[in-house]
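The chain contents come next:
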Protein chains: 2
Amino acid sequence: MKTEKTPGEGVITRVPFPASKKIYVKGTLHNIEVAMREIELTDTRIYGKTGMTESNAPVTVYDTSGPYTDPNIEIDVRKGLNPLRKSWIVNRGDVEQLDVISSDYGLQRQLDKSLDALRFTCNNKPFRAKKGQNVSQLHYAKKGIVTAEMEYIAIRENQRIAEQIEQLDSKNRFLAHQHAGESFGANTPKTWITPEFVREEVASGRAVIPSNINHPESEPMIIGRNFLVKINANIGNSAVTSSIEEEVEKAVWACRWGADTIMDLSTGKNIHETREWIIRNSPVPIGTVPIYQALEKVNGKAEDLTWELFRDTLIEQAEQGVDYFTIHAGVLLRYIPLTAKRVTGIVSRGGSIMAKWCLAHHKENFLYTHFEEICEIMKAYDVAFSLGDGLRPGSIADANDAAQFSELETLGELTKIAWKHDVQTIIEGPGHVPMHMIKDNMEKQLKHCHEAPFYTLGPLTMDIAPGYDHITSAIGAAMIGWFGTAMLCYVTPKEHLGLPNKKDVKDGVITYKIAAHAADLAKGHPGAQYRDNALSKARFEFRWEDQFNLALDPDTAKEFHDETLPAEGAKVAHFCSMCGPNFCSMKITQDVRNYAEENGLLEQDVLHEGMQKKALEFADKGSEIYL
Amino acid sequence: MKTEKTPGEGVITRVPFPASKKIYVKGTLHNIEVAMREIELTDTRIYGKTGMTESNAPVTVYDTSGPYTDPNIEIDVRKGLNPLRKSWIVNRGDVEQLDVISSDYGLQRQLDKSLDALRFTCNNKPFRAKKGQNVSQLHYAKKGIVTAEMEYIAIRENQRIAEQIEQLDSKNRFLAHQHAGESFGANTPKTWITPEFVREEVASGRAVIPSNINHPESEPMIIGRNFLVKINANIGNSAVTSSIEEEVEKAVWACRWGADTIMDLSTGKNIHETREWIIRNSPVPIGTVPIYQALEKVNGKAEDLTWELFRDTLIEQAEQGVDYFTIHAGVLLRYIPLTAKRVTGIVSRGGSIMAKWCLAHHKENFLYTHFEEICEIMKAYDVAFSLGDGLRPGSIADANDAAQFSELETLGELTKIAWKHDVQTIIEGPGHVPMHMIKDNMEKQLKHCHEAPFYTLGPLTMDIAPGYDHITSAIGAAMIGWFGTAMLCYVTPKEHLGLPNKKDVKDGVITYKIAAHAADLAKGHPGAQYRDNALSKARFEFRWEDQFNLALDPDTAKEFHDETLPAEGAKVAHFCSMCGPNFCSMKITQDVRNYAEENGLLEQDVLHEGMQKKALEFADKGSEIYL
């Protein structure tokens, strides 16, 4: 079928996850198929009874990797992914396809022959809301409409865990009842998240579904604190490094490991074309910071920025399909001096650009003064606001100061305005914050921003570990996720030092999946513990391959194990290299259970009582030893 | 001087930290010299004023690397480190030097000619308390004696930060007053920790100074929640891998990166000899789990263990100089059945050994029944108890269960008994615990164990990230450290998968320095923020080399930076590879400050008011835009 070399061929990672297959769960309200990943498990060998086994049900997990991990789907990066949402969007009857793109700059790039080699050529006619229509998910939700996106999300968030636990009932009472069950409460519903619940959360503004009508390739996902905690990965070229193919692969790579959204923060040349490639090939929503590109257009001179130029950039990007825009509309002129005595001033790029513009003109931030016009654009494409924290602290010394919290209050005002236009809105947060000051951020955000979803960068809990800021920030991210932050923007090991390479992107994503999962467990998200229980059971039973396959990063788990004990035999051995063959605590525990069983002490309900009684008798005698 | 190749030559890492020198601060009560590391900083170039600079005072930091990073000290691993505490110990007049070692096994190894090549040969005559004497720091503290160890610790914990801030006053008002000062409160004392405060904390049992009289090479350190949070690194060979030289270097390597204590968990052959090498060359206290070696002596058969054999092992190790023993005396017979329904049973090696022994004999744990005899041994050498949590949870499903907390209560009982004997005691804690269940652990420990220091393994906040458990556990460790845990036992990336290599040890140690520092910041430890402020100031001023040198891991910070911008010139450039030359937020912020200054808006106290006024005037006009 492929007749010539396609861009990115060989560069794009497509290998499926080990022992995993892609499954598609059908909707009931809409004609949809929700992609998930199912991990097959091996059987448990019954200890001490050679040849006897018990099967373990497969585990379904939330999957952000898109069609890339489905070997049955042919992918050509020049054609982009299948636009699964296109019919949903068109069938709602409120959009029109444009003959030409509406942005001057976009048109100029399109007509520039010298860019032909770089250009993504398929499907470049964008959609826009018909005049007077609002195509945002918030608008539909408020009208009581449960969209296909909402049903998709409900099914996706449930991960089939309720069903899986029911399956387990007959087969594996131990795991299901004893442990997994406990965290769900007595009356575990078959499905926790309903499509109607999704609609309600969106309607209230507590959740956001980033879903530009021009990015029909994206698989619907939701950002809100009553759902699984999401993570974002930043990618982007710069004046110094990178190529288009590398950027597309970075996006695919980030999604593979668990990025729920991607922010394209490119600042180099050809960012218009790079963005098109990324969007067309991205199964997750894409965010940008449009002021970065606007600044490129005025050759880096912040004072030369104008509202008209910025407006054109918004339209250019909205028609490409960007799902959310970071807009630094809260950097008000009167807040800027509050940063002058800081240790690290203004560290947000967008924030510093706007600050420079404000001071140069001694005028209020044009993003603030034109905010309602921005809303008009957003709702015509369903682009969501990510209201930027341009004054976030860049060091522990600057955390939770007047500049930061003043801006936060303004973001709250702007949220109300966005909601008036039915534009979906999330709020960006810090930054560098020590642990004891994190909760205050969440509480102030909920209060000032009326429960709009919070989206934080870390926060980094210290300044002294450059090279390890994925870790310093994962601590803060896990905590703020627990407290209610809906999405965590990853930090890579290269933070403060340089641009992340592929390894850094993966390290950042996995570290943030860890932070998000820690938060899901702590929040008691129904089913969050299911995968932990399955992995721990595999670990205890020395099902090494299952332990690897259930891990967030199967490759690294396997590689680390094989470093010390590479033989295939070792992966079914009842010991590991940490303790050696004679000395494994898990082996000994198994012996303990065996012993208890042989002595009739392991009957389901007798066990506790019987042993307790014997033990207490003993304790009565033993208690003479110490009073 | 060296006439032949010494064991470990070339293997032991001795390179000093960049831009750092070893300094020695003298005591006033005792004739002591407290080792610290001083990091020299470059000058700040005044922005926009070519050639004008301002100096930055050097930063002193807590240093666990020992004499290895002092190029003026000659080190020969065959002779061991200088026994700096020997004269302190001898001069107290309560110890005697033995002609022969007291342990049968130790003697047997000493007389075995076949081990000569392996043996550490210097100074093998151990000390012991004179009959009827108690040589523990707790004993001295209760008697009101401020030992040399206590004064050393007071000076060490202060890190000269109070003095440094005073120095900064004249030179750098901005940093000292504006930021660092704030976290200390208005009346920052010159010294926060006094020798008398150290004594009081030890006397109360809230802090422990691990300091076996047979490990005079160790630099005194303290474990208690009113001091800097400490970290422990586990090393150890096993039946499968490693050599003696590698183990010594692992200890040196772990101390280099910040390990405050080392636990030698060797389980292979020649562990007696390996331990001797490690202790003689270790500048930090050494902990062990004596039951591991006892089990080796009975060929791995837990049921063959006896009190007599264990007792001999304790004496053997105490006379070698082990500073604290993990003793699993809380694994009571009646608690064992509480683990049978767990997902991961008993995961502590010591715990599972004792459980097996208890069941095999249907007798109470001999560590419990002989606890007072153990105390008698401990106080004759000042070995501290680390009361092991043999029933700690090995999975999220098993966290905070009846088995775990029952044992904790028993550890509390045992603490009282240890204190009756003036034996220093810390309490070990979990394990696998989700974030929302961590605080309960700390509160129960404080309550049941009478505020004895808590020493936790992580806790790991999830089960699904094998290969990244240094991170899953750093989240839990930072939190429990903040809540009051005094020492954090590191977890390496290889946890659950295999034995850590040198890279893993470093990754584990740095990750735990991060957790401990996050906790120190959150607890408001006086001076904890000083290094952060210095690093952030360097970062903001593009003093790249200073940023690297102040980092927990200067090598990695520099390496990551150089990956993208390797040229030497880039390290003094006013931009970095993340944004490129035209687009750096820090550069723009500097421009903002410049602009403000040029317009007379940066006068120290006028700034805020002046700009606020101008801005508010503007806002009055602008407020028409939005109501």
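All of these numbers come straight from a predicted model, not from anything done at the bench.

Moving on, we get to the overall build of chain A. Scanning chain A from N- to C-terminus turns up 23 helices and 17 strands. Looking at chain A as a whole, 67% of its 627 residues are labelled buried. Taking the contacts inside chain A whose residues are at least 6 apart along the sequence as the reference set, 75% of them involve residues at least 24 apart.

Residues and elements named next belong to chain B. Here we have 3 strands laid out as an open sheet, ordered 1-2-5, and antiparallel in their pairing. Lying at the two open borders of the sheet, with one neighbouring strand each, are strand 1 (20–26) and strand 5 (59–61). In this sheet, neighbouring strand axes are inclined to one another by 40° on average, regardless of whether the strands run parallel or antiparallel. Here 7 bridges tie strand 1 to strand 2 (residues 33–39), and the two strands are oriented antiparallel to one another. Bridged to Lys22 within strand 2 is Arg37. Sitting on the sheet, helix 4 (residues 148–158) touches strand 1 and strand 2, and the angle it makes with strand 2 is about 10°.

This part covers the confidence of the model for chain A. Taken residue by residue, chain A gives an average pLDDT of 86. The fraction at 70 or more is 83%. The low-confidence segment residues 169–190 of chain A (pLDDT under 50) makes 41 contacts with residues lying over four places distant or belonging to another chain.

Right, let's get into the pairing of strand 16 (residues 454–457) of chain A. All names here are of chain A. Taking every second residue as pointing to the same face, both faces of strand 16 are buried, with Phe454 and Thr456 on one and Tyr455 and Leu457 on the other. Alignment of strand 15 (residues 425–429) against strand 16, held across 3 bridges, turns out to be parallel. Looking at strand 16, one finds that Glu428 is bridged to Tyr455. Regarding the hand of the β-α-β motif, the stretch spanning strand 15, helix 16 (residues 438–448) and strand 16 is right-handed. As for the winding sense of the linkage, the β-α-β connection from strand 16 through helix 17 (residues 469–483) to strand 17 (residues 487–489) is right-handed.

Within the structure shown, the criterion is met by 0 disulfides over all chains. In this structure Cys358 of chain B is not part of a disulfide, and its nearest cysteine sulfur, from Cys375 of chain B, lies 18 Å away.

As a further point, take helix 15 (residues 402–420) of chain A. Compared with an ideal rise of 1.5 Å per residue, which puts 19 residues at 27 Å, helix 15 of chain A spans 28 Å between its outermost C-alpha atoms and is within 8% of the ideal. Counted residue by residue, helix 15 of chain A has 14 buried out of 19 residues, so it is predominantly covered.

One pass over the full model with this rule turns up 24 aromatic pairs over all chains. Between Phe120 of chain B and Trp277 of chain B, the aromatic rings sit 5.3 Å apart at their centres with planes inclined by 90°, giving edge-to-face as the arrangement. With Phe120 of chain B in the loop between helix 2 (104–111) and strand 7 (127–129) and Trp277 of chain B in helix 9 (residues 271–280), this pair connects stretches of sequence that are 157 residues apart. According to the relative accessible area criterion, Phe120 of chain B is buried, its value standing at 2%. Residue Trp277 of chain B is classed as buried on the basis of its relative accessible area, which comes to 6%. One aromatic cluster is present, formed by Trp307, Phe310, Trp357 and Phe366 of chain A through successive ring pairs. Just above the ring of Trp257 of chain A sits the side chain of Arg256 of chain A; from NZ or CZ to the centre is 5.3 Å. Looking at Lys444 of chain A, its charged tip hangs above the ring of Phe405 of chain A, at a distance of 4.6 Å from the centre.

Turning our attention to the packing of helix 9 (residues 271–280) of chain A against helix 11 (residues 307–320) of chain A. For any two helices packed against each other, one specifies the inter-axial angle together with the distance between the axes. Residues and elements named next belong to chain A. Two elements in contact, helix 9 and helix 11, have axes whose closest approach is 10 Å; the angle formed by their N-to-C orientations is 30°. Taken together, helix 9 and helix 11 sit at an angle that is classed as roughly parallel. Regarding helix 9 and helix 11, the two cross each other, and that crossing is right-handed. Here His272, Arg275, Glu276, Ile279 and Arg280 of helix 9 come into contact with helix 11, specifically with Glu316, Gln317 and Gln320.

The rules behind the values
Residues numbered from 1 in each chain as written. Chains lettered and ligands numbered in written order. Predicted model: local features only at pLDDT ≥ 70, side-chain atom pairs only at ≥ 80, totals over all residues. Heavy atoms only, no water. Helix = DSSP H or I, 4+ residues; strand = E, 2+ residues; numbered from the N terminus. Buried < 20%, exposed > 50% of the residue type's maximum accessible area, 1.4 Å probe, protein only. Contact = heavy atoms within 4.5 Å. Pairing = 2+ DSSP bridges. Axes fitted to C-alpha atoms, helices over the stretch in contact; angles between N-to-C directions. pLDDT = per-residue confidence, 0-100. Right-handed = clockwise from strand over helix to strand, strands pointing away. Disulfide = S-S within 2.5 Å. Expected span 1.5 Å × (residues − 1). Phe/Tyr/Trp six-rings, centres within 6.5 Å; stacked < 30°, edge-to-face > 60°. Lys NZ or Arg CZ within 6 Å of the ring centre and 35° of its normal. Parallel < 35°, antiparallel > 145°, perpendicular 65-115°, else oblique. Left-handed = near helix turned anticlockwise from the far one by under 90°.

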